[in-house]
Amino acid sequence: MQGITHKRFESVIVKSHPYDADSFGGSPDLDLDWSDFFFNLVSMAIVYVYFSKAAVAGESLVAILLCMGVAAFDIVLLVMRWLWFEQYVNYGSIVLSVLQAYRVVVLPVANTWMSWSLLNKMSVTPSWGVVAVLGLILLACIVMGLQVRFFLHAPLQLASVLFAATSTPDICGAFFDSTSSLRCIGIISAVQLSLGLVLPSLMVYLLEGRLTVVLTGDIPAMWVRDSAVQMASYFPRINKRPGMRLVLEGAIRAQSYFILQDPWANAYNPKYIPPSIISKYDRQLGRGGWVWTRNFELDSVAYFFNFLWNYHQSPGVWQPGQLLMEPLVHDAVVTMLRLLEVEQHHEQRSPYRYSELEREGLGPPCGYTGMVWSAFRASDDPQKYSYNIPDNMYLWGALARLAKLNAATWQDSYIAASTQRLMNDVHEGITKHGIVEVQPGVRMYAYEVDGLGKTLVDFDDPNLPSLLALPLLGYELYDQQVYATTRTRILSPANPYFFSGSELRGLGSPHTDSQFVWPLATAVEALTSNSTAQQAELLRMLLKMAFGNGLVHESVHVSSISRFTRPEFGWANAMLVVAVESLLGVDCDLEAEVHRLAGIAQREGHEARMPANKGRDIPQFYEQLEAGIIHE
């Protein structure tokens, strides 16, 4: 399914076509799409036709043949890549070697010659220093096998367009009776420039408000969980900033589309990557196509359902049901419910296999509990046992909201029946298997169980959902006394991942080194605390954790806050906003606007220019916040 693009989305999704990747360099050409294919094809056709009409005065026969050869080879290469990609990449090693040599030797040499010819005809004599630099770049490209086609075309196009602009009267007739190849280069550049600017601008227009790919911060991929949390902090602001609605709805559509490609995946590529160009190691992990990582994490399902609910309940959203009634969204919901039903019976019914799991990818042995099986935690770490208790608690809450959402929108009988049955099964499983007596008369929630008698207790992971976050998960049927005991034990040395130092204390994770605590857990501890003094202390810790660049990190060392992992972690920053607004009653919008205007003042201070009214140059003159939203 990864290679299929629904027809209705062909104009709003990067097309899942082999031309989007380069089979020779071994890495994707993420800047290419169908418009690149067409304007390169047209420009190369112009080159070929022009030089084939007649010998061009002032050019040697070798130069003419070289240009024709480059153009003809490019046309063949482009058509092959478009029409017969699978056969094309499976040609024998000799053919691939010839094509590789063409791309890394012949094409750079041809482009270098055309650039040199252009400089000569413009009466520009490059210094020997420039010659040496160009030679070294060319040599490096040949030795390293880098893609240099667009790198060397760019300065050529720019220079030729400038030249064409100075000789407009002659350019119009250059195609038929010119006397200089330079004029042809000007036409080529004009064609490429118009097609390369006009077509992509149309694509940008169509993309706006349709799909929003939300990257997780420092990793170029969209996690279902992370993106849902990152976007959630904007829902209360739609009423004040309706322009954000396009972004939020685009994120919902993107999640829905990705889920339909592979519902077991947890993170997705912003653009389609053919599996044939990635390593076998990655392919064995189910990666490729739209999939960044195929770690089945139950919490992702719950985050998707809650994302829809939060959107529907946001104040100021006019007719939110219109988006939810789109077939794409409805089908993604049904797909996820069917997956949950399968994974209740993982051993017998699941087709999911992951090459890093035992028993040929099936995972550790487990028994039926009524809960839903999962392979990985919210931290992306593999589970020790197959049923994660906080994940199933969060799922119960999400299913309860989904049932209400169904009554208000789809009114689908399958969704109604499936959600109710799953909620009953999951609650029964948590009650029967998830509450463990760790000492005589002392009961707590386990973090994971296998349904066969094995449990993981006195442990919690800082990523959400967690046992610490239980009051926030929407699982209304939890035992408050059991939770109080669980909270006390996991925030103590009884938990091997509770760390305390001279600067910080809190929960760490197997995902990071010892003595590193996670701001996510600190924010949750503050949000679930009943002590105002403790909440103030934890908020101060959170501010400490934004050391260095002012952003909240993934984890920070308890005794040295200058040591941290992942300088930019979108999920943690979103949770800081939630904690500050919820605990202090502060509207972060006001402070954020002050900060934004200060940034504009600093930017514009580098360029002195008096306004038309002869008054002060104030930041309120400049763009609104919405102008900073990038639509691509």
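All of the points below concern the structure found in this document. (Residues numbered from 1 in each chain as written. Predicted model: local features only at pLDDT ≥ 70, side-chain atom pairs only at ≥ 80, totals over all residues. Heavy atoms only, no water.)

Some points on the packing of helix α13 (residues 298-313) against helix α17 (residues 389-408)
The criterion, for reference: All axes here are fitted lines through C-alpha atoms, helices being fitted over the stretch that makes contact, and every angle between N-to-C directions spans 0 to 180 degrees. Every helix listed is a DSSP run of H or I at least four residues long, and every strand listed is a run of E at least two residues long, numbered separately from the N terminus. Crossings are sorted by hand: turned counterclockwise from the far helix by less than a right angle, the near helix makes the crossing left-handed, and turned clockwise it makes it right-handed. Whether two residues are in contact is decided by their heavy atoms: any pair within 4.5 Å suffices. Here the nonpolar group is Ala, Val, Leu, Ile, Met, Phe, Trp, Tyr, Cys and Pro; Asp, Glu, Lys and Arg are the charged ones; every other residue, Gly included, is treated as polar.
Interaxial distance between α13 and α17 falls to 8 Å at its minimum, and their mutual angle equals 35°. Taken as a pair, α13 and α17 cross one another with a handedness that is left-handed. Two secondary-structure elements touch here, α13 through L298, D299, A302, Y303, F305, N306, L308, W309 and H312 and α17 through D391, N392, Y394, L395, A398, L399, R401, L402, K404, L405 and A408. Grouping the constituent residues of the contact of α13 with α17 by class yields 13 nonpolar, three polar and four charged.

Here's the deal with the layout of surface pockets
This is how it is decided: The method works on a 1 Å grid over the protein atoms by themselves. A cavity is a set of points holding a 1.4 Å probe that cannot get out, a pocket is an open set with protein on both sides within 12 Å along at least five of seven lines, and residues with an atom within 4 Å of a point line them. Grid points are joined across faces, edges and corners, and a volume is the space filled by probe spheres set on the points.
Approximately 550 Å³ is the volume found for the second largest pocket. In terms of lining, the second largest pocket is formed by 20 residues, of which the most central are A232, Y303, N310, Y394 and L472. Elements with a minimum of two residues in the lining of the second largest pocket: α10 (224-232), α13, α17 and α22 (570-584). With five residues, the single largest contributor to the lining of the second largest pocket is α13. Of the residues assigned to the lining of the second largest pocket, the class counts are 16 nonpolar, three polar and one charged.

A few points about the sheet that holds strand β8 (residues 455-456)
Basically, it comes down to this: The rule for pairing is simple: two strands pair if DSSP sees at least two bridges between them.
With antiparallel pairing, three strands are arranged side by side in an open sheet as β4-β7-β8. Each end of this open sheet is capped by a strand with a single partner; those strands are β4 (387-388) and β8. Pairing geometry for β4 and strand β7 (residues 448-449), over two bridges, is antiparallel. The partner of Y387 across the bridge, within β7, is V449.

Re the packing of aromatic side chains
We apply this condition: Stacked, edge-to-face and tilted are the three classes for Phe, Tyr and Trp ring pairs, Trp counted by its six-membered ring, which pair at centre distances within 6.5 Å; planes under 30 degrees apart are stacked, over 60 edge-to-face, the rest tilted. Note on classification: 1.4 Å probe, protein chains only; a residue is buried when its accessible area is under 20% of the maximum for its type, exposed when over 50%, partly exposed between these limits. Sitting over a ring, as applied to charges here, requires NZ of Lys or CZ of Arg to be within 6 Å of the ring centre and within 35 degrees of the ring normal.
One pass over the full model with this rule turns up 20 aromatic pairs. For the pair F258 and Y268, a centre-to-centre distance of 4.9 Å together with 10° between the ring planes defines the contact as stacked. Placement of the pair is F258 in helix α11 (residues 244-261) and Y268 in strand β2 (residues 267-273), with a sequence separation of 10 residues. The pair formed by F258 and Y268 is uniform in burial state, with each residue classed as buried. Aromatic side chains Y272 and W290 sit 5.8 Å apart centroid to centroid with 75° between the ring planes, which places their arrangement in the edge-to-face category. Linking Y272 in strand β2 with W290 in strand β3 (residues 289-293), this pair joins segments that are 18 residues apart in sequence. For the pair shown, Y272 and W290 are each scored as buried. Among the aromatic residues, ring-to-ring pairing joins W264, F296, Y352, Y354, W373 and F376 into one connected group. Between the NZ or CZ atom of R338 and the centre of the ring of Y414, over which it lies, the distance is 5.6 Å.

Brief notes about unusual backbone geometry
Here the amide bond leading from L464 into P465 is cis, since omega sits at 5°, within 30 degrees of zero. Mapping P465 onto the fold places it in the loop between β8 and α19 (480-490). Its identity as a non-glycine residue notwithstanding, Q515 has a phi of 75°, on the positive side. Residue position: Q515 is located in the loop between β10 (505-507) and β11 (516-517).

Description of the pattern of salt bridges
Quick note on the threshold: The term salt bridge refers to a side-chain nitrogen of Lys or Arg lying within 4 Å of a carboxyl oxygen of Asp or Glu.
For the coordinates displayed, the defined rule picks out 23 salt bridges. Here R237 makes a salt bridge to E581, at a shortest N to O gap of 2.3 Å. In this pair, R237 sits in the loop between α10 and α11 while E581 sits in helix α22, placing the two residues 344 residues apart along the sequence. For R237, a relative accessible area of 9% corresponds to the buried category. For R421, the salt bridge goes to D425, with nearest N and O atoms at 2.7 Å. With R421 and D425 both in helix α18 (residues 413-434), this residue pair falls four residues apart, about one helical turn. With a relative accessible area of 17%, D425 lands in the buried category.

Here's the deal with the sheet that holds β3
Taken in spatial order, the three strands make up an open sheet running β1-β2-β3, and their pairing is antiparallel. Both outer strands of the open sheet, β1 (222-223) and β3, are each paired with one neighbouring strand and no more. Where β1 meets β2, two bridges bridge the pair, whose relative direction is antiparallel. Pairing of M222 across the sheet is with Y268, part of β2.

Describing the packing of helix α15 (residues 327-343) against α17
Under the convention used in this document: The scheme is simple: roughly parallel for angles under 35 degrees, roughly antiparallel for over 145, roughly perpendicular for 65 to 115, oblique for anything else.
Orientation of α15 relative to α17, taken along the N-to-C sense of each, is 140°, at an axis distance of 13 Å. By the angle between their directions, the pair α15 and α17 is classed as oblique. Handedness of the α15/α17 crossing: left-handed. Contacts between α15 and α17 involve V333, L337 and L340 on the former and, on the latter, L395, L399 and L402.

Some points on the side chain of D425
So the rule is basically this: Between N or O atoms, a polar contact is any pair within 3.5 Å; within protein, one atom must be a potential hydrogen donor and the other a potential acceptor, and residues adjacent in sequence are included only when both atoms are from side chains.
A polar contact is formed between the side chain of D425 and the side chain of Q344, at a distance of 3.2 Å. Apart from the residues within four sequence positions on either side, D425 is in contact with Q344, Y368, T369, G370 and M371.

As for the nonpolar core
How we decide: The definition of a nonpolar core used throughout is a set of buried Ala, Val, Leu, Ile, Met, Phe, Trp, Tyr and Cys residues joined through side-chain atoms within 4.5 Å.
Counting 126 residues, the largest nonpolar core has F305 and L340 as the members making the most contacts within it. Ignoring sequence-local partners within four residues, the contact set of F305 consists of V333, M336, L337, L340, A398, L399 and L402.

Regarding α15
Stated precisely, the cut-off is as follows: Helix span, as expected, comes to 1.5 Å for every residue beyond the first.
Over its 17 residues, α15 extends 24 Å from the first C-alpha to the last, a length consistent with the 24 Å expected when each residue adds 1.5 Å. The buried fraction of α15 amounts to 12 of the 17 residues, a majority that puts the element mostly inside the structure. On its buried side, α15 packs onto α11, α13, α14 (321-324), α16 (346-349), α17 and α18.

What to know about the side chain of T409
Topologically, T409 is positioned in the loop between α17 and α18. A polar contact of 2.6 Å, which involves the side chain of T409, links it to the backbone oxygen of L405. In contact with T409, other than residues within four places in its own chain, are H312, G321, L324 and M325.

Thoughts on α19
Within the sequence span of α19, burial applies to V482, Y483, T485, T486, R487, R489 and I490. The secondary structure elements touched by the buried residues of α19 are β5 (435-439), β6 (442-445), β9 (498-500), β10, α20 (519-527) and α21 (532-544). For α19, the N-terminal cap is D479; the gap from its side-chain oxygen to the backbone nitrogen of Q481 is 3.0 Å.

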